[in-house]
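Examining the three-dimensional arrangement
Chain by chain, the residues:
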Amino acid sequence: MPPGMQRLLHAATEVATIGRGWLTARPAVTRRWALLSTERVGAVSAVVSSIEYLRGASQLGRFQLNDRDVVAGRRPRTWQSRLIDVVSAPGSYRMLHVSRLGSGVLLLVPAGGRLRALASGHLALTSYAIYRAEPRGLDGADEVALMVQSASCLGRARGSRSDADAALWFLAGQSALSYFSSGVAKLVGPTWTRGEALAGVLRTHAHGHEVGWRFLRDRPWLNRLATRAVVAGELLVPLLLVRGRFARIYVLVANLFHTVNGFLMGLGRFTIAFGGLYPAILYVSSPNDGTRSRDLPGTAAAIASLAVAGSVAGAVVRDRWLRTGIVPAARFTAPSGDELAYHVFSPTDGASDRPVVVIEAGLAATAAHVRPLGRALASRGLTAVAHHRAGYPPVRAGAAAADFGMMHRNLADLANHAAAGRPVVLVGHSLGGPLALMAAPRVDGLLGVVVLDPSHLEHRHRLVTETQLSSRALGLTEVTLRCGLGSALQAPWEFSLADTATRREMLAAYRHPATWQTLRAELAAYLDARDPGGSRAEPMLVVTSGGTAAVDPPQLEADARLAGTARHLVVDGCSHLSMLWAESAVTRIADAIVAAIEQRSATSTDESRAQMAAAP
Amino acid sequence: MSRQPAVTRSGSPAVTIALGLWLAATALSQHPVRAFDGVRANLRRLGLLVPDWRFFAPEPGRWDDHVMVRTLAEDGTATPWRSVDTFEPRRWRHAVYFPANRTEKALADTVSVLMERLSANDGDIADLLEYRLLRGFVEGRLRAHHRATNLPTGFQFLVLRDAGYDEGGELTLRLVSRFEPLNGG
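A few points on the structure. Remember, predicted model here, so these are calculated numbers, not experimental data.

1. A short note on the overall build of chain B
When helices and strands are tallied, chain B shows four helices and five strands. Secondary structure elements of chain B occur, N-terminal to C-terminal, as α-α-β-β-α-α-β-β-β. The C-alpha atoms of chain B give a radius of gyration of 23 Å, which is well past the 16 Å a tight globule of 185 residues would have. When the backbone C-alpha atoms are referred to their principal axes, chain B occupies close to 80 × 45 × 40 Å. Each of the 185 residues in chain B was classed as buried or not, and the buried ones make up 51%. Within chain B, contacts between residues separated by at least 24 positions form 51% of all contacts whose residues are at least 6 apart in sequence. If the 24 positive side-chain charges of chain B are averaged to one point and the 22 negative ones to another, these points end up 9 Å apart.

2. Structural notes on the interface of chain A and chain B
The parts lose accessible area when they come together, and the size of an interface is often stated as this lost area. Listed as interface residues are 117 residues of chain A and, on the opposing side, 94 residues of chain B. Carbon and sulfur atoms make up 63% of the area that chain A and chain B hide from each other, which totals about 9300 Å². Put simply, B:Arg102 and A:Asp142 hold a salt bridge, and the shortest N to O gap is 2.8 Å. Across the chain A-chain B interface, the total number found is 31 residue pairs in polar contact (both at pLDDT 80 or more). A per-element tally of the side of chain A that touches chain B places helix α8 (residues 161-188) of chain A first, with 16 residues.

3. Examining the pairing of strand β3 (residues 356-360) of chain A
Residue and element names in this part refer to chain A. The buried count for β3 comes to five of five residues, which makes it a mostly enclosed element. Strand direction decides the pairing type here: β3 and strand β4 (residues 383-388), joined by five bridges, are parallel. What sits directly across from Val356, in β4, is Thr383. Read as a crossover between parallel neighbours, the route from β3 over helix α17 (residues 371-378) to β4 is right-handed. Pairing of β3 with strand β5 (residues 424-429), which is carried by five bridges, proceeds in the parallel orientation. From the neighbouring strand, Val357 faces β5, where its bridge partner is Val425.

4. Some words on the nonpolar core
One recurring pattern in soluble globular proteins is that nonpolar side chains are buried together. Judged by nonpolar contacts, the single largest core of 57 residues is most densely connected at A:Leu373, A:Leu377, A:Val427 and A:Leu452. Ranked by size, the runner-up nonpolar core spans 56 residues in total, among them A:Trp169, A:Ala273, A:Tyr278 and B:Val15.

5. Quick word on the side chain of A:His369
Residues and elements named next belong to chain A. Here His369 shows up in the loop between β3 and α17. Judged by its relative accessible area of 4%, His369 is buried. When sequence neighbours within four positions are dropped, the list of residues in contact with His369 reads Ala364, Phe495, Met506, Leu580 and Trp581.

6. Points about a nonpolar patch on the surface
On the surface, A:Met1, A:Met5, A:Leu8 and A:Leu9 cluster together into a nonpolar patch covering about 460 Å² of accessible area. Along the polypeptide, A:Leu8 turns up in helix α1 (residues 3-24).

7. Here's the deal with the environment of A:Ser336
Residue and element names in this part refer to chain A. As for its placement among the helices and strands, Ser336 is situated in the loop between β1 (330-333) and β2 (339-345). On the basis of relative accessibility, which here comes to 32%, the residue Ser336 falls in the partly exposed class. Separated by 71 residues in sequence, Ser336 and Met407 place their C-alpha atoms 9.5 Å apart. In this view, Ser336 contacts Met406 and Asn410; residues no more than four positions away in its chain are not counted.

8. Considering the sheet that holds strand β6 (residues 446-452) of chain A
All names here are of chain A. Across the sheet, which stays open at both edges, the eight strands sit in the order β1-β2-β4-β3-β5-β6-β7-β8 with mixed pairing between neighbours. The two strands at the open ends of the sheet, each matched to only one other strand, are β1 and β8 (567-571). Put simply, the sheet's adjacent strands are angled 25 degrees from each other on average, direction ignored. Against the sheet, helix α19 (residues 432-439) makes contact with β3, β5 and β6, and its axis sits at roughly 150 degrees relative to β5, the strand it touches most.

9. Comments concerning the packing of aromatic side chains
Per the stated rule, a full pass over the model turns up 16 aromatic pairs over all chains. Seen in terms of ring centroids, A:Phe270 and A:Phe274 are 6.1 Å apart; in terms of plane orientation they differ by 15 degrees. Their pairing is stacked. Here A:Phe274 and A:Phe270 lie together in helix α14 (residues 268-275), a separation of four residues that amounts to about one turn. Pair check on accessibility: A:Phe270 and A:Phe274 agree, each one buried. For the ring pair A:Phe495 and A:Tyr510, a centre distance of 5.6 Å and an interplane angle of 70 degrees mean the geometry is edge-to-face. One end of the pair, A:Phe495, is in the loop between α21 (471-482) and α22 (500-510); the other, A:Tyr510, is in helix α22, and 15 residues separate them in sequence. Each member of the pair, A:Phe495 as well as A:Tyr510, carries the same accessibility label: buried. Through pairs of rings, three or more aromatic residues link up here, namely A:Tyr179, A:Tyr250, A:Phe270, A:Phe274, B:Trp53 and B:Phe55. Cation over ring: A:Arg219 sits above A:Phe215, and NZ or CZ is 3.9 Å from the ring centre. It is A:Arg504 that lies over the ring of A:Trp321; its NZ or CZ is 4.1 Å from the centre.

10. Considering the packing of helix α7 (residues 140-157) of chain A against α14(A)
All names here are of chain A. Between α7 and α14, whose axes approach to 9 Å, the crossing angle comes to 20 degrees. As far as their axial angle goes, α14 and α7 are roughly parallel. α14 is crossed by α7, and the crossing has left-handed handedness. In this structure, α7 uses Gly140, Ala141, Val144, Ala145 and Val148 to contact α14, whose residues at the interface are Arg269, Phe270, Ala273 and Phe274. Residues belonging to the contact of α7 with α14 are distributed by class as follows: seven nonpolar, one polar and one charged.

Calculation criteria
Residues numbered from 1 in each chain as written. Chains lettered and ligands numbered in written order. Predicted model: local features only at pLDDT ≥ 70, side-chain atom pairs only at ≥ 80, totals over all residues. Heavy atoms only, no water. Helix = DSSP H or I, 4+ residues; strand = E, 2+ residues; numbered from the N terminus. Rg over C-alpha atoms; globule rule 2.2 N^0.38 Å. Buried < 20%, exposed > 50% of the residue type's maximum accessible area, 1.4 Å probe, protein only. Contact = heavy atoms within 4.5 Å. Lys, Arg positive; Asp, Glu negative; His and termini not counted. Charge placed at Lys NZ, Arg CZ, Asp CG, Glu CD. Buried area = accessible area lost by both parts, 1.4 Å probe. Salt bridge = Lys/Arg side-chain N within 4 Å of Asp/Glu carboxyl O. Polar contact = N/O pair within 3.5 Å; in protein donor to acceptor, adjacent residues only side chain to side chain. Pairing = 2+ DSSP bridges. Right-handed = clockwise from strand over helix to strand, strands pointing away. Core = buried A, V, L, I, M, F, W, Y, C linked by side-chain atoms within 4.5 Å. Patch = residues over 30% accessible without salt bridge, like charges linked within 9 Å, V, L, I, M, F, W, Y side chains within 5 Å. Areas by Shrake-Rupley, 256 points an atom, 1.4 Å probe, with all protein chains shown as cover. Axes fitted to C-alpha atoms, helices over the stretch in contact; angles between N-to-C directions. Phe/Tyr/Trp six-rings, centres within 6.5 Å; stacked < 30°, edge-to-face > 60°. Lys NZ or Arg CZ within 6 Å of the ring centre and 35° of its normal. Parallel < 35°, antiparallel > 145°, perpendicular 65-115°, else oblique. Left-handed = near helix turned anticlockwise from the far one by under 90°. Nonpolar A, V, L, I, M, F, W, Y, C, P; charged D, E, K, R; others polar.

Structure representation (structure tokens):
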């Protein structure tokens, strides 16, 4: 090897050795440097965002997407809303951003500790004011900037070492949490695990890059590799902090990640904002000089543990109440061996020969969900029976949930049992729709079937592809509830429209793991169900909720096709769920069911008379 | 030179507890299934912000929502649909400074919330805040286009979802507005 090449090789080896040594050495960062650097990056975030707003990014003006006049008319008149009105007025809003430039510059130049705390506090408060005044248009980078500015202020305000440490631990914890949480959440998304996500995101104008998209689209292997590398990186990067030795690699990798995203996805704000978390990462990874407080991680862990313990206690109380605190349902053992439960809503003055209406609810729904409809039908002189399917608490699980055929045979058996020879009308909501249509041929004395926002067999796979009902999400929901964390599970907003007792019962069942176990089994059975073709009944009434009609045109069309010559009613002012208990919707639906029954009864009577007249 | 934080004063438990609460609430609000966002929702009602770190997860947005408009002239003729999008081609400076992205994001936020509210269907669409904001946004673009002269009689807008640069992707019509009159004011 020529001597020149030897020297070059030697120099490269030296550089690599030094570089490796630097990368794997524990950083030696002081509290002072970390806090100053954090403040300065928070200041840069504020300065850039305020320049953006001053140069036309603000949406508060007339005909804009945070139009102050339009929004102000919708806010409840509280002192907070009045304050927002003052802040978002044209003159004061401009002044707010100009003052942020002033605070930002102050933090970028040498200044005293108190002044720095005031400047960071001002940036944090004004960031919050912007968030309240024009929430549309903000993103995760703005949240990071607000956190950095708030922590800088709190860490600096009293000039205390342990306050500064608490602030830096807080920011380091948020940084590690951000990548790890993002990675874990992606494990639930099929697009990420199949390795398709990156090209999918890059093809959009909103967060994409045409050249980047074409490059990955033409190299599917690279798309899979890069997509999975993102997930793996997000999951593994926080591990670099475990012993502190690889904190510099953490910062380099994270910074590279955000810089690439900044160029490709237009997310440059994230590169700056997340930079405000790195000084804290380097500080908490540095050797402890004996003065560093570790109170913050312990406090956060204690608070989180208390919250989890409270949630577990809540789960125990809910489970006990479901088993002992609600009115027991009537029981019936079906020929399948399953124990079926049902509630009866009897009319006070109903004629004994009037039809019995058997109501079948949808996925994750119990008899409580259809209670208002049952009561409304009873008040119109009909006996209503609400089926509480096996497996939904407090009714123990049966075999039917795993077999769609058995599910609709159980419904038919229950209808025959509860009607005791009287004519039967089946009403099915959502998944209860196909169940009612398929059960109908086995029901004695069937007068007709009514379906409310029914699921359609031919569209059933949309349940999985267009909603959050992916098998991984459902499985994780069940596991989380088994761990007692149901208190964090938000019920659909429509639950708030139900009366207090019904809402409590629905909520307790919704947060019970058995509900989700049953839902998963029923959904799998439905997806595997055989289409019975012509052996389904034709409905005498199809009802579509206004919400479904508004956002799901294919469902509306399918409902209209299903109705055929029967009545198809669209009920405005309700959603897929609230159609079962919003008062005006329930009234319209109950009236429509009664009208359909009367029409069908009259037709049946006319046909009987005609047959008798035609008889020899 | 800026001064080093003084070390003579003891720390405040309030600072540690406040930041500890914020960190704990953040950790408890990152469940991959977003229905488990009860902690975040409750704190938000109190006006407190809990960051959401689940960027592009569990399922990333792989579509663009475009807002399109057509106008109706006094003689009753309607123009073809045209886009009022704000998407700006990527430039190097966007890695640091990208004000137009705020408008893009605001439009996406407005459409997203509007579609959620529509599925709730608890009133007239014209009363929904997001509908009024979107309507105003479209009207503003029209007024700028016509420069307040020869304003059309009215307009209609729609929200169309497509697959971005992938022109072979599926198109989904998400919303068609009613006819919206346009007055001179």
